[in-house]
Protein chains: 4
Amino acid sequence: MIRFECDYGEGAHPAILEKMLKTNMEQTAGYGLDPHCERARELVKKECNRDDVDIHFIVGGTQVNTIMIAAMLKPYQGIISADSGHIAGHETGSIEATGHKVITVPSKDGKIKPEQIAQVYDYHYAQGNREHLTQPGAVYISHPTENGTTYTKAELIEISKTCKERNIPLFLDGARLGYGMAAPDSTIDIKDLAQYCDAFYIGGTKVGALFGEALVITNDAFKTDFRYHIKQRGAMLAKGRLLGIQFESLFEDGLYYKISQNAIDKAMQIKDTFKQKGYNFLYESTTNQQFPILPNDVMNKLGEKYSFSYWEDVDANHTAVRFCTSWATSQENVDSLCEDIKKL
Amino acid sequence: MIRFECDYGEGAHPAILEKMLKTNMEQTAGYGLDPHCERARELVKKECNRDDVDIHFIVGGTQVNTIMIAAMLKPYQGIISADSGHIAGHETGSIEATGHKVITVPSKDGKIKPEQIAQVYDYHYAQGNREHLTQPGAVYISHPTENGTTYTKAELIEISKTCKERNIPLFLDGARLGYGMAAPDSTIDIKDLAQYCDAFYIGGTKVGALFGEALVITNDAFKTDFRYHIKQRGAMLAKGRLLGIQFESLFEDGLYYKISQNAIDKAMQIKDTFKQKGYNFLYESTTNQQFPILPNDVMNKLGEKYSFSYWEDVDANHTAVRFCTSWATSQENVDSLCEDIKKL
Amino acid sequence: MIRFECDYGEGAHPAILEKMLKTNMEQTAGYGLDPHCERARELVKKECNRDDVDIHFIVGGTQVNTIMIAAMLKPYQGIISADSGHIAGHETGSIEATGHKVITVPSKDGKIKPEQIAQVYDYHYAQGNREHLTQPGAVYISHPTENGTTYTKAELIEISKTCKERNIPLFLDGARLGYGMAAPDSTIDIKDLAQYCDAFYIGGTKVGALFGEALVITNDAFKTDFRYHIKQRGAMLAKGRLLGIQFESLFEDGLYYKISQNAIDKAMQIKDTFKQKGYNFLYESTTNQQFPILPNDVMNKLGEKYSFSYWEDVDANHTAVRFCTSWATSQENVDSLCEDIKKL
Amino acid sequence: MIRFECDYGEGAHPAILEKMLKTNMEQTAGYGLDPHCERARELVKKECNRDDVDIHFIVGGTQVNTIMIAAMLKPYQGIISADSGHIAGHETGSIEATGHKVITVPSKDGKIKPEQIAQVYDYHYAQGNREHLTQPGAVYISHPTENGTTYTKAELIEISKTCKERNIPLFLDGARLGYGMAAPDSTIDIKDLAQYCDAFYIGGTKVGALFGEALVITNDAFKTDFRYHIKQRGAMLAKGRLLGIQFESLFEDGLYYKISQNAIDKAMQIKDTFKQKGYNFLYESTTNQQFPILPNDVMNKLGEKYSFSYWEDVDANHTAVRFCTSWATSQENVDSLCEDIKKL
């Protein structure tokens, strides 16, 4: 079985493992207070083009989402998210478990529009007894989205402006950020995020690391005592240097960008092949997740040799599925798949 | 200003105040362990036609909802509710504050259908990685609903069956239960609720009491240690007998039913008057809340003399509003309103 | 059985019931936004000698404690309390249920010393990895304490100073405040609390009301959006005016002070009688709770006619018990008790 | 600086890294559903000598503690722990953050006695209004303890019996389990834990792994839906196989036991050297943490070349400190330290 069902099927980029091996018997302080984390923080700050940001390395994405959002909100506040947002539907109610509602707005493509934020916010403040409603206290977006789509820089700026005007912070989930920045239509880089978001993270788990996400906090209001939040939620890795080592590897020579490009190249090859075969797509994805709509017999036939994810029924005879590439996807496997698609 | 904006604008039915006055200097144990609560529990059990139920008297509806639902759910579970449900939109995220998601299903009239429950439940269990999703763990309905509509007994039985087949408990919010039972189309009584719900409550606050709701737990699984839940959530009234006294008054001679009827009679008079005048309604309510759709100039004119609630914009020139009657609504005030409607 | 086991055994002072009766059919807005609450807020502000405070009326003490403390703390903070504090041991872990640790310090008499606050705080900030510990984020004291003792004004000022120097807010639980202010050794009044606490409350439930506590917030940092906290925790009374009416009654002509005095007079009579008989006391209480240490046979004999609370075993043959008086305690009952004590 | 300040200063045992390298490009399912986790679960079951246990691999100890304890308790319950327990003082109130009180009992050596459990439990159930108190719902112990001491098998059996008689589950924190089993006075092995605990974990982070703890659930009541808990608390590692690979390495040829022995050998050498020099110890530790009491000038002198942890002031001139060894501690470093101790 050749696997295209997710972007965390393999281990780590070899450069990371090599560095881990080389530094293995170093003695360092724990909990992210070691020289590797220190250096990785400097490297990430350089990507941000800002020195006045706080960087925390955390093992997984659900942890980052939960901790950062809980830290941003007051007890009676909720966070606005697309109904397809990862926090809305794929994290077992972890935001609610910290006491907060996820206020969803409908989205076909995974993106939310500035008008939707404005509408939720303005509707709330137009109410007489507004203390009977959950107050919108922050905004969550992902880039690229769970549907593989990306925001343009103009859209990001407009969302940021909408939030700032209403004094609610903007948090961006960058679990697949590398793939978003490598997308053919990409107009956003890390500097932009550091300028327009109150907090965001650079995903490692899905982009070449064994695990790890680099959380960047730009808004001073959320910097104070942040390590308490991390520890309380069980997310402070004892051997924190493992996170530092990985982000050093990813950002010391642009490895993050290089390996992200591989995922996009392979995804585009798959996309083009399905397209040439005449298949439509559920979402217009320009990143490493592709959602072709397949006749069920085609889906079943491909499923004999390749693994991919069921996404949703389109009609009685057609199903949308997800093919995922990553930093690790080999030319050989993609060629094999494309060959087989052509033969369908 | 003559008030029709809610059903808690006055104090209590005089019989309640009189009993409170008469028993004022009695010395009793606190926390609901007094003879008045004891007797009120017996009276409610009689209404239920069951002796094997636990009764707890609690000050307000949001408290009952929060405590009972949190007691029903495991940490990773959520509760299914209509998107118009009181817990979904009018309690400041109190369910989420206890760690649980409210899983909403769309509803135009405030009711949910058995198929919607089945769909949410079955979709969840059809997932591969279902532990990434909030597990549906209970169902919340209100009768009458927030939109003034009522369930039929057949509908209640079908919902109950759907829940039982899936082993998830059914909780019914009866904040306005008296008005639901007095509705012209009513086919449900307290005995039915005691038979088909795992827990429900009989609203006092909106039906003649100063405050207080009688929670009935029929499912043994949720009876154990329930007083701990009440105390922990700050809902154990020190002078608990005040709750007992009120429910004694409401149920010793059928007062609850009698005063509920008044609200319905008055509401029907208002409804008919608007109807005869040719106005449509946002919901087909048969209870004490009526939602006529008014031309904006009519709305403004009525607003000079009567208070009512803004509900929603229907179009540029029409607005849906809410008129509420209660046990306390006087014939005089309703006649005055109807007179003025006719003159419009 | 003549009851001395608690100070919430009777209903309300007749003046309160009378006002409730008189205003019963008034139509008012709900949720504490009515003219009675408005006037009661003005009266309480006058007691505080400050106009720049926020007043909220809430049904019970556990609610006030939970809501105010949760509003004061950041997610990783706890509140310092005497180990005998009400929040530490008598509220079913309600503070923890909002996510916060109660950081206890030992206390024999129910009071905490400024040095204890300083020690907890300074110890925390002296740690290297302090983010592994719960950060002390507020201080809770009660006046009078759960042991019937009182703080002097000098002690209050010193505690307040200790807190301010460390930038942590001080919250005072005044569930029995009236009795504290009527104590023979009292040096603190409401003006002092309004000057030296960041928030405190004036207890009604135990001092003449049916229920209700008046929360006073003096620190601007905790005023914003406080009604959301109240509603979310299920503590916003629909017919909020009932709270307003009660505090109007208690403070329009000094009723609160007058009826508090009754409890103290009666408690002192009981105290003196036990003392003259040669009994010792567990705590040096000057308020309405008295804790005599009785030989077990004496305890049993008195228990045949009077109810009081078991407190703790002192030795094999002696037990400390609690006798409680209140605004409602009659001269007749106290005389009967004292007579019987003398005859022992 | 030669480091003895903790047992997580180095990376992983080379055998683990090697296996990680060798399996790096394998494609596997995520979230612990891969063949490596499957095999590691089998290996751990073999250690338990039971097949009817559930095994979950989780990144860190605070996560395991928080998730397992929250899963064991009802909302109104707390967990009994020594006041020196890791959950009581070193996890930033993470248990409280899930809504539960840590009910502490005093302990000098880090252990709790069966009588202490019985006393807390029995005291609770002897109360009249027990619903005003946090109900004890589980017991937490660690082996070895935070003070380096160990339970004997007889003690474990007695604690287990005390819990079973009261129907409260026993959870054992084995963050340093390997070192406890390698202690010269050890009488407990994994089979015993699987017999006498309702849940426990085998620590990897401090015993040779990069990270990872193996949670063993023996009580059926806590097995259902446990993966939901893990995911909701953000503790489900995407590349879960990394945990499987590590525990495969640790348990396929007894590596866990072998490397644990190294820590104990080195610790005993340090202990003996301090002893021979005439120093006393704060706790009678037989494991990898040693707590000598040093004159302050000696402490400062040693501190120039070696890192160790400050523990507590013993008197004006003496301080207790902690020296930690681990699987990675080299003979060379220990010889150097002992040499320098002898020269003091």
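Note: the structure precedes this text.
Rules used throughout
Residues numbered from 1 in each chain as written. Chains lettered and ligands numbered in written order. Predicted model: local features only at pLDDT ≥ 70, side-chain atom pairs only at ≥ 80, totals over all residues. Heavy atoms only, no water. Helix = DSSP H or I, 4+ residues; strand = E, 2+ residues; numbered from the N terminus. Rg over C-alpha atoms; globule rule 2.2 N^0.38 Å. Buried < 20%, exposed > 50% of the residue type's maximum accessible area, 1.4 Å probe, protein only. Contact = heavy atoms within 4.5 Å. Areas by Shrake-Rupley, 256 points an atom, 1.4 Å probe, with all protein chains shown as cover. Least-squares fit on C-alpha atoms with pLDDT ≥ 70 in both. Pairing = 2+ DSSP bridges. Axes fitted to C-alpha atoms, helices over the stretch in contact; angles between N-to-C directions. Buried area = accessible area lost by both parts, 1.4 Å probe. Salt bridge = Lys/Arg side-chain N within 4 Å of Asp/Glu carboxyl O. Polar contact = N/O pair within 3.5 Å; in protein donor to acceptor, adjacent residues only side chain to side chain. Phe/Tyr/Trp six-rings, centres within 6.5 Å; stacked < 30°, edge-to-face > 60°. Lys NZ or Arg CZ within 6 Å of the ring centre and 35° of its normal.

With that settled, consider the overall build of chain A. Counting its regular elements, chain A contains 14 helices and 13 strands. Taking 20 Å as the expected radius of gyration for a compact globule of 344 residues, we find that chain A reaches 21 Å, a close match to that expectation. Taking all 344 residues of chain A together, 69% fall into the buried category. Taking the intrachain contacts of chain A between residues at least 6 apart in sequence as the baseline, contacts between residues at least 24 apart amount to 73%. As presented, chain A carries roughly 11,900 Å² of accessible surface, and 48% of it is formed by carbon and sulfur atoms.

Our focus in this paragraph is the relation of the copies chain A and chain D. When chain A is fitted to chain D, the best match, at an RMSD of 0.0 Å, comes from turning it 180° and sliding it 0.0 Å along the axis. The superposition of one copy onto the other is thereby described by a two-fold rotation axis. A shared interface surface links the copies, since 100% of the contact residues of chain A are contact residues in chain D too.

Here the focus is unusual backbone geometry. Going from H143 of chain A to P144 of chain A, the amide bond is cis rather than trans, its omega being -5°. Note that P144 of chain A resides in the loop between β5 (135-142) and α7 (153-166). Even without being a glycine, Y31 of chain A presents a positive backbone phi close to 60°. Considering the arrangement of structural elements, one finds Y31 of chain A in the loop between α1 (14-22) and α2 (35-48). A positive phi is found at T92 of chain B, a non-glycine position, where the angle reads about 55°.

Turning one copy of the chain about an axis and sliding it along that axis gives the other copy, so a rotation and a shift relate them. Expressed as a screw operation, the relation of chain B to chain A combines 0.0 Å of axial shift with a rotation of 180°, fitting to an RMSD of 0.0 Å. The fraction of interface residues of chain B whose copies in chain A are also interface residues reaches 100%, indicating that both copies meet through the same surface.

Residues and elements named next belong to chain A. Pairing within the open sheet is mixed, and its 7 strands lie in the order β2-β8-β7-β6-β5-β3-β4. Each of the sheet's edge strands pairs with one partner strand only, and the pair in question is β2 (54-58) and β4 (102-105). Recorded for the sheet is a direction-independent mean angle of 25° between the axes of neighbouring strands. Two elements, β2 and strand β8 (residues 213-217), share 5 bridges in a ladder whose sense is antiparallel. Opposite I58, over in β8, you have E213 as the bridge partner. Together, β5 and β6 (170-173) form the strand contacts of α7, whose direction differs from that of β6 by roughly 145°.

How large an interface is tends to be reported as the accessible area lost when its parts come together. Contacts between chain A and chain D engage 45 residues on the former and 46 residues on the latter. Regarding the contact of chain A and chain D, the summed buried area is about 4,000 Å², with carbon and sulfur atoms giving 57% of it. The largest per-residue losses of area from chain A upon contact with chain D belong to Y8, Q27 and K239 of chain A, which jointly make up 18% of the total buried on that side. Counting across the chain A and chain D interface gives 0 salt bridges. Joining chain A to chain D, the criterion identifies 27 residue pairs in polar contact (both at pLDDT 80 or more). Put simply, the parts of the chain that give the side of chain A that touches chain D at least two residues each are β1 (2-3), α1, α3 (61-72), α5 (94-97), α10 (226-232) and α11 (241-252) of chain A.

Here the focus is the pairing of strand β3 (residues 77-82) of chain A. In summary, the side chains of a regular strand alternate between the two faces of the sheet. Residues and elements named next belong to chain A. Within β3, 6 of the 6 residues are buried, leaving the element largely enclosed by the surrounding structure. Two elements, β3 and β4, share 4 bridges in a ladder whose sense is parallel. Residue pairing across strands places A82 opposite V105, the latter belonging to β4.

This part is about the packing of aromatic side chains. Counted by the stated rule, this structure contains 70 aromatic pairs over all chains. The interplanar angle of 25° and the centroid separation of 4.8 Å between the aromatic rings of Y76 of chain A and Y228 of chain C together place this pair among those described as stacked. Of this pair, Y76 of chain A sits in the loop between α3 and β3 while Y228 of chain C sits in helix α10 (residues 226-232), which puts the two residues in different chains. Centre to centre, the rings of Y140 of chain A and F171 of chain A are 6.1 Å apart; their planes meet at 50°, and the pair counts as tilted. Taken together, the positions of Y140 of chain A in strand β5 and F171 of chain A in strand β6 put the pair 31 residues apart, joining distant regions of the chain. Exposure class is identical for Y140 of chain A and F171 of chain A. Each is buried. If you follow K111 of chain A out to its NZ or CZ, it ends over the ring of Y151 of chain A, 5.5 Å from the centre.

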